[in-house]
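# A closer look at the structure
Each chain is listed here by its residues.
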Amino acid sequence: MKKHISFLGLILCTLSFGQTGVNTNTPQKELHVNGSLQLTSELNMGGNASTSGDTGIRRKYLQSQGPNATPIWNTPVLTATTPTTGTLSSISYVKGTTAINVEAGTTVLIPGMTFIHTVPESINTQVINFTITGYMSKTTTTGLVTQGVFALYQNNVKVTSTYASVANDSGASIVNLPIPVTLLYKVILPPGTYNFNLRYTSWTGTARINYVPSTYTGYNGDSESMLSKMQVMIFNAS
């Protein structure tokens, strides 16, 4: 009987004042709950008399938009320096293919060094760690010193780079010896599709990338030894 009386009082209060109070006789809003609130299903934000509101997706948070504005579901803003934990999703290995010459003042996409990845909506956030090794040699053993930059691009925007050159000594006992370089990069990504690729920019001289060193003394048929290489480790963030 007590429950019926309380419910009737709640209806009368709503009709009289246009506001409903739970555990309070002075509601400050259309619905004022003085105590805890339990939801066993979805929470819809926005909408109108003919459409339901937005339920958001997994791992999004509710963000206030200020007075008299509907809150929205938002995605946490993470950066490469944000500490993250998670589980390993996959490991990929990418290596260069065709040899290519890069003239001074030009930038080229290194053949074979492209990695395309999609972060699914069900995961919401992934962390990608790149470990990249690059080799650059000169097209000749004489002339200007060759130097330039290996750079990793994300959706056509450079995100990190490293300087590369070759070793020569005055006695010519070491000539056109590539000095391997390494790029390390971490990125935290929301759902979407991303294109990563490695490019080389020649500062001075003409460089050769993905070179097969068949003219080197002692070459034993190892055609992979001077290819650019990329290892990609993907984690599901939590």
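Being a predicted model, the structure only gives us computed values, none of them experimental.

We now examine the packing of aromatic side chains. This structure, assessed with the given rule, holds 6 aromatic pairs. Their ring planes at 55° and their centres at 6.0 Å tell us that Tyr211 and Tyr216 sit as a pair that is tilted. Overall, Tyr211 belongs to the buried group, its relative accessible area being 12%. Three or more aromatic residues joined by ring pairs make a cluster, and in this case those are Phe115, Phe130, Tyr185 and Phe196. The residue whose ring lies beneath Arg199 is Tyr153, and the NZ or CZ to ring-centre distance is 3.9 Å.

As a further point, take the pattern of salt bridges. One side chain can pair with another of opposite charge once the charged atoms of both are near each other. According to the stated counting rule, one finds 1 salt bridge in the structure shown. Measuring nitrogen to oxygen at the nearest pair gives 3.6 Å for the salt bridge that ties Lys95 to Glu224. With a gap of 129 residues between them, Lys95 in strand S5 (residues 86–95) and Glu224 in the loop between strand S15 (207–209) and strand S16 (229–237) connect regions that are remote in the sequence. Using a relative accessible area of 28% as the deciding quantity, one classes Glu224 as partly exposed.

With that settled, the discussion passes to the side chain of Arg199. In this structure, Arg199 sits in strand S14 (residues 192–204). In terms of polar contacts, Arg199 uses its side chain to reach the side chain of Asn197, at 2.8 Å. If near-sequence neighbours (up to four positions away) are discounted, Arg199 is found in contact with Thr107, Val108, Leu109, Ile110, Val149, Phe150, Ala151, Tyr153 and Asn156.

Our next topic: the confidence of the model for the chain. Summary statistics for the chain give a mean pLDDT of 82 and a share of 79% for residues scoring 70 or more. When pLDDT is averaged over each element of the chain, strand S7 (residues 107–119) comes out on top at 97 and helix H1 (residues 2–17) at the bottom at 49. Confidence over residues 1–5 falls short of pLDDT 50; this stretch has 0 contacts with residues more than four positions distant or in other chains.

Of note in this structure, Asn156 is not a glycine but carries a positive phi near 70°. Looking at where Asn156 falls in the secondary structure, it is placed in the loop between strand S10 (147–154) and strand S11 (157–167). Even without being a glycine, Asn210 presents a positive backbone phi close to 60°. By relative accessible area, Asn210 is classed as buried at 1%.

Attention now moves to the sheet that holds strand S13 (residues 181–189). The strand order S5-S16-S8-S13 describes an open sheet built from 4 strands, whose pairing is antiparallel. Two strands in the sheet have a free side with no partner beyond their single neighbour: S5 and S13. In this sheet, neighbouring strand axes are inclined to one another by 15° on average, regardless of whether the strands run parallel or antiparallel. Looking at chain direction, strand S8 (residues 126–134) and S16 are connected through 8 bridges and run antiparallel. When the sheet's bridge partners are listed, Phe130 is paired in S16 with Val232.

Quick look at the environment of Gly96 now. Its location among the elements puts Gly96 in the loop between S5 and strand S6 (100–102). By relative accessible area, which is 4% here, Gly96 ends up buried. Expressed as a C-alpha distance, the spacing of Gly96 and Leu227, which sit 131 residues apart in the sequence, is 5.3 Å. Ignoring sequence-local partners within four residues, the contact set of Gly96 consists of Pro111, Gly112, Met113, Asn210, Leu227 and Ser228.

Bringing the pairing of S10 into the picture now. The buried count for S10 comes to 7 of 8 residues, which makes it a mostly enclosed element. Looking at chain direction, S10 and S11 are connected through 8 bridges and run antiparallel. Directly across from Leu152, in S11, lies its bridge partner Thr160. Hairpin connection between S10 and S11: a loop of 2 residues separates the two successive antiparallel strands, and Asn155 in this loop has a positive phi of roughly 50°. Pairing of S10 with S14, which is carried by 8 bridges, proceeds in the antiparallel orientation. Along S14, the bridge assignment pairs Val149 with Thr201.

Definitions and cut-offs
- Residues numbered from 1 in each chain as written.
- Predicted model: local features only at pLDDT ≥ 70, side-chain atom pairs only at ≥ 80, totals over all residues.
- Heavy atoms only, no water.
- Phe/Tyr/Trp six-rings, centres within 6.5 Å; stacked < 30°, edge-to-face > 60°.
- Buried < 20%, exposed > 50% of the residue type's maximum accessible area, 1.4 Å probe, protein only.
- Lys NZ or Arg CZ within 6 Å of the ring centre and 35° of its normal.
- Salt bridge = Lys/Arg side-chain N within 4 Å of Asp/Glu carboxyl O.
- Helix = DSSP H or I, 4+ residues; strand = E, 2+ residues; numbered from the N terminus.
- Polar contact = N/O pair within 3.5 Å; in protein donor to acceptor, adjacent residues only side chain to side chain.
- Contact = heavy atoms within 4.5 Å.
- pLDDT = per-residue confidence, 0-100.
- Pairing = 2+ DSSP bridges.
- Axes fitted to C-alpha atoms, helices over the stretch in contact; angles between N-to-C directions.

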